Amino acid sequence: MQSAYLRLLRPGQWVKNVFCLAGVVFGNRLGQPESILTAVLTAAVFCLVSSAIYAFNDIFDRKRDLL
């Protein structure tokens, strides 16, 4: 059952959220811990939000998906 929940969250899609860290890298802020923390928290929030959207979409589309 746990693996079904994990699949529902689509962790494979989280890789795209690494782009939230690009501003730290290309903005020359790698030496600023607060910038790194902000970027990592932003990426984490994007992962949570995108997973929630995938889950809601699956719930609302379940009848259509059965066809």
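Counting of residues starts from 1 at the beginning of each chain's written sequence and follows it residue by residue. In keeping with the predicted nature of the model, local features appear solely for residues at pLDDT of at least 70, side-chain atom pairs appear and are counted solely at 80 or more, and the whole-chain, interface and lining totals rest on all residues. The side-chain quantities take in all heavy atoms of the structure and omit both hydrogens and water.

A. Main features of the side chain of S35. Position of S35 relative to the elements: it lies in helix α3 (residues 33-60). Summary of the burial criterion: residues with accessible area below 20% of their type's maximum are buried, those above 50% are exposed, and those between are partly exposed, where the area comes from a 1.4 Å probe applied to protein chains only. Looking at S35, the relative accessible area reads 12%, which means it is buried. It only takes one pair of heavy atoms within 4.5 Å for two residues to be counted as in contact. Setting aside residues no more than four positions away along its own chain, S35 makes contact with V24 and R29. Each helix is a run of H or I in the DSSP string that is no shorter than four residues. Each strand is a run of E no shorter than two, and both are numbered from the N terminus.

B. Region of the structure containing the state of the cysteines. Two cysteine sulfur atoms make up a disulfide if the distance between them is within 2.5 Å. For the structure shown, the criterion picks out zero disulfides. Here C20 stays free of any disulfide, with the sulfur of C47 as its closest cysteine sulfur at 7.8 Å. Since its relative accessible area comes to 24%, C20 is described here as partly exposed.

C. The arrangement of α3 in detail. Every helix has an expected span of 1.5 Å times one less than the residues it contains. A rise of 1.5 Å per residue sets the reference length of α3, with its 28 residues, at 40 Å; its end C-alpha atoms lie 41 Å apart and thus fit the reference within 8%. Residues of α3 that are buried include every one of S35, A39, A43, C47, S50, S51 and A55, and no others. Buried residues in α3 make contact with α1 (2-8) and α2 (22-26).

The quantities given are spatial measurements derived from coordinates; they are silent on function.
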